[in-house]
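Chain by chain, the residues run as shown.
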Amino acid sequence: MTLFSLKNKTAIVTGGASGIGEAISKKFAAQGAQVHILEFNAENGDRTVAEISAAGGKATFHSCDVSNTEQVAQIVATIAEKQYIDILVNNAGIAHVGNLEGTAVADMDRIYNVNIKGVYNCMHAVIGKMKEKGGVIVNMASIASSVGISDRFAYSMSKGAVMTMTLSVAKDYLDQGIRCNSISPARIHTPFVDGFIGKNYPGKEAEMFEKLSKTQPIGRMGKPEEVANLALYLCSDEASFITGTDFPIDGGYIKLNG
Ligand code: NAI
């Protein structure tokens, strides 16, 4: 028996064309899933689909802003007409740097719309169909959800909500065979991190990369593929007893710092 097979399963991965989401899309396709990438960035969406196809996998790109309720509902309905949606990975997310005073209303709204309402939109669009035969949802939270990160007021707010929305859905849909868990990465080396360093520490990129790597007891940043491995496990039948739980993947950040 092949472990962690997603053969004959259909998966939606939001933000599935960069960093962690791209690694998840590729991993799931390699394990046999038909992957639907709901993604903002068309260039990366097309590239990721082409790379998955070249490797023998099945993937479709859907141009989508997860914060747009109508657009998400329409894309999910189109997919559901043809396939049963077994898996939803809510991975799309954006960042904001700033403490309470450094967070404007516009920042709050922007982070809320993508990181919270985007997750709501996708779960809301999928859940009615997923209730028919059960399924799995994985939401990308962050270590900010449980231990906070300094200077990340809006981001921490949003990732806390991702964790608690996960618990709510896990409880309410347990009887319908839907498992719902969250993953909380610490720093993972993706374009998200490179963008943050480039924007906030111009000219000091290498130094900051080193510094951020050392904030994790294991001494380095995580790799997107390492998060994808955990997402694969949680979405596979091998994780059939796991729901309503958050999984830190953090190089020891939460438990071993200090
Ligand atoms: P990334 O920036 O490399 O990829 C995010 C993807 O989401 C991009 O392809 C982007 O186009 C897409 N996206 C953004 N807004 C969207 C929207 N409104 N609609 C559709 N797609 C949209 O980011 P990365 O690092 O791979 O992060 C993925 C998730 O993991 C995010 O939710 C992030 O908060 C979370 N995370 C990342 C950590 C890290 O260190 N990289 C640590 C903890 C959590």
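Residues numbered from 1 in each chain as written. Predicted model: local features only at pLDDT ≥ 70, side-chain atom pairs only at ≥ 80, totals over all residues. Heavy atoms only, no water.

- Under an unreviewed UniProt entry, the protein has the name SDR family NAD(P)-dependent oxidoreductase and belongs to Arenibacter antarcticus.
- UniProt annotates the protein under Sequence similarities (unreviewed entry) with the comment "Belongs to the short-chain dehydrogenases/reductases (SDR) family." (UniProt positions renumbered as here; feature names shortened; annotations may be inferred.)

## A few points about empty space enclosed by the protein
Then comes step 1: As enumerated under the stated definition, the model contains one cavity of 30 Å³ or more in all.
Then comes step 2: Looking at the largest cavity, the residues that line it are Thr14, Val66, Asn90, Ala92, Val114, Gly118, Val119 and Cys122.
Then comes step 3: At four residues, helix α4 (residues 105-130) tops the list of elements feeding residues into the lining of the largest cavity.
Then comes step 4: Of the residues belonging to the lining of the largest cavity, the class tally is five nonpolar, three polar and no charged. (1 Å grid on protein atoms, 1.4 Å probe; cavity = no way out; pocket = protein on both sides within 12 Å on 5 of 7 lines; lining within 4 Å. Points joined across faces, edges and corners; volume = space filled by probe spheres on them. Helix = DSSP H or I, 4+ residues; strand = E, 2+ residues; numbered from the N terminus. Nonpolar A, V, L, I, M, F, W, Y, C, P; charged D, E, K, R; others polar.)

## Quick notes on the environment of Ala73
Then comes step 1: You can see Ala73 is positioned in helix α3 (residues 69-82).
Then comes step 2: With a relative accessible area of 37%, Ala73 lands in the partly exposed category.
Then comes step 3: Each C-alpha atom, one on Ala73 and one on Ala170, is 21 Å from the other, the two residues being 97 residues apart in sequence. (Buried < 20%, exposed > 50% of the residue type's maximum accessible area, 1.4 Å probe, protein only.)

## Let's talk about the site of the ligand
Then comes step 1: Close to the ligand lie 28 residues, the nearest being Ser18, Glu39, Asn91, Tyr155 and Thr190.
Then comes step 2: Here Ile20 contributes a backbone N or O atom positioned 2.8 Å from an oxygen atom of the ligand.
Then comes step 3: Measuring from an oxygen atom of the ligand, one finds a side-chain N or O atom of Tyr155 at 2.6 Å.
Then comes step 4: In isolation the ligand offers 830 Å² of accessible surface; the protein chains occlude 92% of this area.
Then comes step 5: Broken down by secondary-structure element, the contributors of at least two residues to the shell around the ligand are α1 (19-30), α5 (153-172) and α6 (191-200). (Near = heavy atom within 4 Å. Polar contact = N/O pair within 3.5 Å; in protein donor to acceptor, adjacent residues only side chain to side chain. Areas by Shrake-Rupley, 256 points an atom, 1.4 Å probe, with all protein chains shown as cover.)

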